[in-house]
Amino acid sequence: MIATGNTSELDRVRLNARMARTNLEASIDRLGVEPGRTGGADHSIECMMASSHRLVHALMALDAGWQHTAATPARTAFHKFAADVEKTLTLLAVALRGARVPVKEFPDLREDHHVLIRSGDQKIERYALVNVEADRIVNSLNTLREQVMEWARTKSAA
């Protein structure tokens, strides 16, 4: 976790994330021109990339919004939501590396979002921003989970 106000560390993390994303996209582009590639596998990867882009856009909107809204203490429900988002990302990484991950291991992000919406004053601008972007995060991660799990099933069946 990056301490609030540590802009140089935050900038370093942002730059590293951009580099990693660019490297991944270049690798996927190169993979697509490899001899013997099938369109189905390429389509699955493209769909996963689209879902991950949607996730990144929601995170970027939160980052931008936090800079332009009044500071407000994070809700308890937000801490659980953030922890479950991190757990989901970790489980997706494990599945992408080839380990079997049972679907029941994934947290229920939709329920976390419902709890988040019911907490705090909805008229507070920052809470409203988080509620909207959290919905996008849930949608993108739930879709990405389905895509990764299907990709993992087809890889293990092959």
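Scroll up to find the structure this text is about.
Along each chain, numbering runs from 1 in the same order as the chain's sequence is written. At least 70 in pLDDT is required for a residue's local features to be given in this predicted model, at least 80 for side-chain atom pairs to be given and counted, and no such filter applies to totals for whole chains, interfaces and linings, which use all residues. The side-chain values count all of the structure's non-hydrogen atoms but skip hydrogen atoms and water molecules.

A. Spatial organisation of helix 3 (residues 76–96). Secondary structure follows DSSP: runs of H or I at least 4 residues long count as helices, runs of E at least 2 residues long count as strands, and numbering of each begins at the N terminus. Here, expected helix span is obtained from the residue count minus one, scaled by 1.5 Å. The end-to-end C-alpha separation of helix 3 is 31 Å, in line with the 30 Å expected for 21 residues at 1.5 Å each. G98, located one to two residues past helix 3, shows a positive phi value of around 105°.

B. Here's a closer look at the environment of L129. Residue placement: L129 occurs in helix 5 (residues 125–157). Between the alpha carbons of L129 and A61 there is a distance of 8.6 Å; along the sequence they are 68 residues apart. When near neighbours in sequence (up to four residues on either side) are disregarded, L129 contacts A61, L62, G65 and W66. Only heavy atoms enter the contact rule, under which two residues are in contact if any of them lie within 4.5 Å.

C. Structural context of the packing of helix 3 against helix 5. Axis geometry follows a simple rule: fit a line to the C-alpha atoms, using only the stretch in contact for helices, then measure angles between N-to-C directions, giving values from 0 to 180 degrees. Between helix 3 and helix 5, the shortest axis-to-axis distance is 10 Å and the interhelical angle comes to 20°. Taken together, the axes of helix 3 and helix 5 are roughly parallel relative to one another. Classified by chirality, the crossing of helix 5 by helix 3 is left-handed. Here F78, F81, V85, T88, L89, L92, A95 and L96 of helix 3 come into contact with helix 5, specifically with V130, A134, I137, V138, L141, L144, R145, V148, M149 and W151. Lys, Arg, Asp and Glu make up the charged group, whereas Ala, Val, Leu, Ile, Met, Phe, Trp, Tyr, Cys and Pro make up the nonpolar group; the residues left over, Gly among them, are polar. Of the residues belonging to the contact of helix 3 with helix 5, the class tally is 16 nonpolar, one polar and one charged. Angles below 35 degrees are treated as roughly parallel, those above 145 as roughly antiparallel, those between 65 and 115 as roughly perpendicular, and all remaining angles as oblique. Each crossing is labelled by how the near helix is turned from the far one, with a counterclockwise turn of less than a right angle marking it left-handed and a clockwise turn marking it right-handed.

D. Here's a closer look at the packing of helix 3 against helix 4 (residues 109–118). At a closest axis distance of 9 Å, the pairing of helix 3 and helix 4 adopts a crossing angle of 165°. Regarding the angle of helix 3 to helix 4, the classification is roughly antiparallel. Of the two possible hands of crossing, helix 3 and helix 4 adopt the one that is left-handed. Listed contacts from helix 4 to A77, F78, K80, F81, D84, V85 and T88 of helix 3 are L109, D112, H113, V115 and L116. Partitioning the contact of helix 3 with helix 4 into residue classes produces seven nonpolar, two polar and three charged.

E. Inspection of the nonpolar core at higher detail. Grouped together as the largest cluster of nonpolar side chains are 26 residues, with contacts concentrated most on F81, L116, I137 and L141. Mapped onto this core, the elements with two or more residues apiece are helix 2 (39–66), helix 3, helix 4 and helix 5. No other element matches the 10 residues that helix 5 contributes to this core. Leaving out residues up to four positions away in the same chain, L141 has contacts with L55, V85, T88, L89, L92 and L109. Here the nonpolar core consists of buried residues drawn from Ala, Val, Leu, Ile, Met, Phe, Trp, Tyr and Cys, with membership extended through side-chain atoms lying within 4.5 Å. Buried means the residue's accessible area, taken with a 1.4 Å probe over protein chains only, is under 20% of the maximum for its type, while exposed means over 50%, and partly exposed covers the values in between.

F. Representation of the environment of P73 within the structure. For P73, the location among the structural elements is in the loop between helix 2 and helix 3. On the accessibility criterion, P73 (62% relative accessible area) is exposed. C-alpha separation for the pair P73 and G120, spaced 47 residues apart in sequence, amounts to 10.0 Å.

By themselves, these figures tell us nothing about what the structure is for.
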